[in-house]
Amino acid sequence: MGGRTFVWVFAQMHLFLAAFVLAVPLFVLIIELLGVLTKDPRYDVMAHEFMKISMAAYSFTALTGGALAIALFLFYPVVMGYLMQVFRGQTLIYAALFVMESLFLYIYYYSWGVLRYGNRKWVHLSIGLVLNAVGLTLMFVANAWATFMMSPSGVDPSTGAVIGTVWEATRNPLWNPLNLHRFLANIAYGGAIVGAYAAYRFLSAKNAAERAHYDWMGYTSNFIAVCGFLPLPFAGYWLMAEIYAYSQQMGITAMGGILAWLFIIQAVLIGTIILAANYYLWCGLGRTRKGATYAPYVKYIAVVIVGGFLVWVTPHTLILTPQEIRLLGGTNHGFLGPLGIMPAKNMAVNLMLVATFLSFQLFNRSSREPTVSWARTGNLLIVALYVVGVLNIVGAGIYGYITPTVYKVGASVPQVATTISIIIFALIIDGFMSRGAKRSKVHWGRMSTRSQYALFVLPIAFTWLMGLMGYIRSSVRTHWHVYTIMKDTSPEAYIPTIGQAGNVITMITLIFMGVIVFVFWLSQMGEIKQAKPGGKISK
Amino acid sequence: MTLLRITVFSLAIMFAFTIFANILPQVQSDPPQTEEIDESSLDVAGQIAWGRRLFEGQGTCTLCHNNLGRAPDLLELDLAATLPERIADQRYAGAAAGLSGAAAIEIYLRESMIDPSAFVVDGFGKKGTNDTESPMPRVDAAPISLSATETDALIGFLQDLAGFEVTVALPSAADAVESANVEETPSEDVWPLTSAEDIIANLGCAGCHDLFGSGADIGPDLAETVQQMQRHQLRAAIIDPNAEIADGYEADFMPPDYAEQMWASELELVVDYLIALGAGEAVQ
């Protein structure tokens, strides 16, 4: 195992853990606030429980971060020396932020009980806000270093000499797209992981009350994961567009060159995630009486999602041999045309996202009977919204298919806009319709064992997906440490094959899962008290 | 028990992803290799062949200049007509404006490579710049970083491809003087041949392949195998025969140095001929 793999493993481990511990306080704060606004104590209990899991993971984050730093300075002293020169005092700010993050995290968690009611609760919420502000800043700073290596700015392009301020290096072309992408992905990731915790607790629950609690927690986690996930393809689109704008060469290397196959795996992983999340939602319809009557519609959503999935993973071209791929970028070629710019695939992705949102809306509706006078009109409006939206997405897809290459990419913009519009308008209409709606009981805990396995698929697929994206993000720099500035002249300057990368990613995922199981075990152990010898057994 | 079941389930999923990644085509992408070349001994033909190799390899030009519409498909365009058209374009205000002939083409090509935004081909500009800014990177700066002699070789290759006289200097000054002499007294060996039959006869392909009824069987019967090959594969098969070996044959039989022996235009003629042969349209 070479130095590069070593750094790869630690960097990815650190990223997984950091993504998790940064994401949890974000949605915990929102859930806590919801608890205050709705005066429903269950929210507060759940928020606290989410925090407990993330606390147990925090020290691992610091540990892997330290190991990563050591590995980097050990194996890449020159690169690190250069980055230190570019970012100067920012490294100290980073260290200071890290200390603050730890401080606020501990205060936020341990003051939970003390600052529970009235004005004190608002103090607690404020601490949470500061914690998140510090956490996000921390991530943005780290992102600046990663994106500087991809699209350096603030340095002389021919010599690499530092000529700009730290801020100029920070504000490089890819910084903000990556910030947004990671922000959303973290939320989805954090949701997926606490979902697995809930599923595990659900499966090992001893009584109905526990089952109900963890079912609800699982549902909320899945909801958070999907909320973070739905806008992610659009953030990805922005990131990709900025990469093309920064360097067409880098863009083509990512999408149309030897890395093109990677997007087939990405499609499989995202398809897996969407299928699992939807399957879980469909199972959840059984929690309400009305939901069960929606079962016939689920068939059609399933058809759209599975169909979209198949379109997405089907390569448009004959399978390329390694020889042919080697010729890509090396020789004139005619294979990847339809695969590189994929209107049909865009159509599939957007339809899948719309279908996922529909699954949510169905569940939401299953426990609410609108009583407003215009309920019928409202329903028709929503149906019309979906129909027009889907037609628009399909139409743009077909248009993209028949127009010349250069305009194909353009067709995906109206598709994305349509998907977002459907979601926003459906939410608005639904919001007004549910005013004074008759609520029917949701039987939390009425879930099959099988449904819970969907909640394990999510974090695994997410972890793998993040690993894969890490591989491509680093690979587009090709043989450069700092693109166009500092070459990687070591024997490890090559881009590994997708199989080699897959093996490393699986290895990292395994280690990470091991850590997570340990973390779950730790946080569960906190609840168990040993019976006093000779005394009564207590939980 | 629950934990065990979850673990097995999770491992199975991870295993499935791993298998999938491993059954896809596996390609390792190595950093571009700078070709060790004895620049001082290059002749014009060698320089053009070198230019072609740079175009398809180290220069990464074909990453964009291909048939996917990202950039003008230089290898397929009718350059002989296109390049003078560019110089005559109303919008063109570069150094070659008002000039014509091979020298003007050299200026235009060099400008396209060193200062791509000097003139941006219609519709290929960066988004939102109204064709005032080219997405093409300067070839003399990172990441492409070609040297002056490499850039010359590329220009020579493109000039030759367009059917113009090659006007760039050879790498060494001494050789440049020599080449000037050559240019004054062109001989049969130096100037490109214009018929595929002559080139093939000259290079002795029929000694190994069944061409012109030679019946030779050391190499594959091209009339048959060529049908499955695309243009770029044919070029590669001729100038880099050991990169991919035809089924049932061995490496190192076919001479690996045809790139040095042929003009770029000659290579295209041979490829044309072979394609026609595969389609049954050429005399064998």
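Residues numbered from 1 in each chain as written. Chains lettered and ligands numbered in written order. Predicted model: local features only at pLDDT ≥ 70, side-chain atom pairs only at ≥ 80, totals over all residues. Heavy atoms only, no water.

Q: Mind showing me how you'd approach the packing of aromatic side chains here?
A: Aromatic ring pairs are described here by two measures, namely the spacing of the ring centres and the angle between the planes. Residues and elements named next belong to chain A. For the structure shown, the criterion picks out 40 aromatic pairs over all chains. Arranged with centres 5.1 Å apart and planes meeting at 70°, the rings of Tyr 197 and Phe 520 form a pair that is edge-to-face. Of this pair, Tyr 197 sits in helix H7 (residues 175-203) while Phe 520 sits in helix H20 (residues 498-525); the two residues are 323 residues apart in sequence, bridging distant segments of the chain. Pairwise contacts between aromatic rings join Tyr 58, Phe 98, Tyr 106, Tyr 109 and Tyr 110 into one cluster. A cation over an aromatic ring shows up here: Arg 4 above the ring of Tyr 494, its NZ or CZ 4.7 Å from the ring centre. The aromatic ring of Trp 216 is capped on one face by Arg 42, whose charged end is 4.2 Å from the ring centroid. (Phe/Tyr/Trp six-rings, centres within 6.5 Å; stacked < 30°, edge-to-face > 60°. Helix = DSSP H or I, 4+ residues; strand = E, 2+ residues; numbered from the N terminus. Lys NZ or Arg CZ within 6 Å of the ring centre and 35° of its normal.)

Q: How do you make sense of the packing of helix H19 (residues 449-475) of chain A against helix H1 (residues 2-23) of chain B when you look at a structure like this?
A: When two helices pack together, their arrangement is captured by the angle between the axes and the distance separating the axes. For the pair H19 of chain A and H1 of chain B, the least separation of the axes is 10 Å and the interaxial angle reads 40°. When the axis of H19 of chain A is compared with that of H1 of chain B, the two are oblique. In this structure, the crossing between H19 of chain A and H1 of chain B has a hand that is right-handed. Across from Tyr 453, Phe 456, Val 457, Ile 460, Ala 461 and Trp 464 of chain A in H19 of chain A, the residues of H1 of chain B making contact are Arg 5, Ile 6, Phe 9, Ser 10, Ile 13, Met 14, Phe 17, Thr 18 and Ala 21 of chain B. Tallied by class, residues from the contact of H19 of chain A with H1 of chain B come to twelve nonpolar, two polar and one charged. (Axes fitted to C-alpha atoms, helices over the stretch in contact; angles between N-to-C directions. Parallel < 35°, antiparallel > 145°, perpendicular 65-115°, else oblique. Left-handed = near helix turned anticlockwise from the far one by under 90°. Contact = heavy atoms within 4.5 Å. Nonpolar A, V, L, I, M, F, W, Y, C, P; charged D, E, K, R; others polar.)

Q: How do you make sense of the nonpolar core when you look at a structure like this?
A: Ranked by size, the top nonpolar core spans 151 residues in total, and within it Val 28, Phe 50, Met 51, Ile 53, Trp 464 and Phe 512 of chain A carry the most contacts. Per-element tally for this core: the top contributor is H7 of chain A, with 16 residues. Split by domain, this core shows at least three residues from each of two domains, domain 1 (3-276 + 445-525) and domain 2 (289-440) of chain A. Apart from residues lying up to four places away in sequence, Val 28 of chain A is in contact with Ala 47, Phe 50, Met 51, Tyr 108 and Trp 112 of chain A. Membership of the second largest hydrophobic core comes to 36 residues, among which are Val 44, Leu 79, Leu 83 and Leu 158 of chain B. (Core = buried A, V, L, I, M, F, W, Y, C linked by side-chain atoms within 4.5 Å. Buried < 20%, exposed > 50% of the residue type's maximum accessible area, 1.4 Å probe, protein only. Domains from an automatic or database assignment.)

Q: Honestly, the domain arrangement of chain A in this entry has me stumped. Any pointers?
A: Splitting chain A by domain gives domain 1 (3-276 + 445-525) and domain 2 (289-440). Centre-to-centre, using C-alpha coordinates, domain 1 of chain A lies 26 Å away from domain 2 of chain A.

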